[in-house]
Amino acid sequence: MTKVAVIQAAAIPFEPMLSVEKAGHILERVSAEQAELAVFPEAYLGGYPKGSHFGSVVGTRHNDGRKLYQRYVAGAVSLDGPELALLAQKVSETNVHVVMGIIEKLGRTLYCTAVTLAPNKGIVGIHRKLMPTGLERLIWGFGDGSTLQTVDTPVGRIGNVICWENYMPALRQAMYAQGTEIYCTPTADDRPTWLSSMVHIALEGRVFVLSACQAIKLNAYPDYFQAQFDLDHIGTDDYLMRGGSCIIS
């Protein structure tokens with residue numbers, strides 16, 4: 001029997017090193033419970049800027065939005081950067097395989113990426129979201145087929161599909177065709193309807209599905225981010241994302 005974990009904890013938005021340190025404490029608890037795999041949410045390192053438009057309308061951008069995006073870029077991580085190096089160290093110390101959602105900085109482009117890390121091996125798999133959804137296309141680049149590979153681990157063959165990529169039948173088929181056994185879905189979708197999609201994928205692909213989404217309140221974000229919201233409709237102590245993580249047999 002293999003024990004696994006999905007992590008619903010809030011990140012520390014736009015502070016990737018602090019989020020790695022928090023993830024390390026979580027992995028210590030996961031290891032103490034003898035789990036061998038932990039799946040973290042989409043954009044856990046770097047932050048999911050839900051509710052932000054970065055000052056953009058058709059035909060122009062506002063300076064405040066440009067400054068906000070500059071801060072967002074500064075909070076992204078590189079695959080060879082210190083944040084993932086520290087995470088790889090914690091993975092080895094706790095002996096837990098990890099799927100981690102990150103905002104990856106590559107050159108002048110940001111990608112919404114899921115990385116798989118193995119004890120004593122570091123990063124063993126990278127998947128960049130193929131099709132950012134809606135306004136995500138303003139801030140993230142498009143991935144391509146070169147990052148669709150699954151990863152064979154002692155826990156099982158792991159495939160990563162991020163958030164609304166799960167609505168792309170050809171991508172799901174690419175995971176099934178590679179013999180995926182543990183189908184991981186880091187996500188920011190906290191709607192009740194998400195669960196139905198995860199059940200369908202488990203049945204369609206004959207896979208175990210591990211879906212992880214943050215439960216995070218608005219007041220976990222910096223003041224400059226909170227200032228974008230109409231606080232007559234959402235309070236600072238209200239949830240911006242409500243979790244809904246699940247494991248489907």
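The subject of this paragraph is the overall build of the protein. Helix and strand counts for the protein stand at seven helices and 14 strands. Here the C-alpha radius of gyration of the protein, 17 Å, is about what a compact globule of 249 residues would show, namely 18 Å. Going through the 249 residues of the protein one by one, you find that 53% of them count as buried. For the protein, contacts bridging at least 24 residues in sequence account for 68% of all contacts bridging at least 6.

Remark on secondary structure: sheet strands pair via backbone hydrogen bonds, oriented parallel or antiparallel. The strand order across the open sheet built from five strands is β1-β2-β5-β6-β7, with neighbouring strands paired in mixed fashion. Here the strands that pair on one side only, and so sit at the sheet edges, are β1 (4–6) and β7 (122–128). Mean inter-strand twist for the sheet, computed between neighbouring axes without regard to direction, equals 30 degrees. Looking at chain direction, strand β2 (residues 37–39) and strand β5 (residues 97–106) are connected through three bridges and run parallel. Each residue of the ladder has a partner; that of Ala38, found in β5, is Val98. Contacts from helix α3 (residues 82–94) reach β5, β6 (109–118) and β7, with the element oriented near 20 degrees to β6.

This paragraph deals with unusual backbone geometry. Not every positive phi belongs to a glycine, and Ala43 is a case in point at roughly 55 degrees. Looking at where Ala43 falls in the secondary structure, it is placed in the loop between β2 and β3 (56–57). Residue Ala43 is classed as buried on the basis of its relative accessible area of 0%. Phi at Phe54 is positive, roughly 55 degrees, even though this residue is not glycine. Among the structural elements, Phe54 can be located in the loop between β2 and β3.

Rules behind the numbers
Residues numbered from 1 in each chain as written. Predicted model: local features only at pLDDT ≥ 70, side-chain atom pairs only at ≥ 80, totals over all residues. Heavy atoms only, no water. Helix = DSSP H or I, 4+ residues; strand = E, 2+ residues; numbered from the N terminus. Rg over C-alpha atoms; globule rule 2.2 N^0.38 Å. Buried < 20%, exposed > 50% of the residue type's maximum accessible area, 1.4 Å probe, protein only. Contact = heavy atoms within 4.5 Å. Pairing = 2+ DSSP bridges. Axes fitted to C-alpha atoms, helices over the stretch in contact; angles between N-to-C directions.

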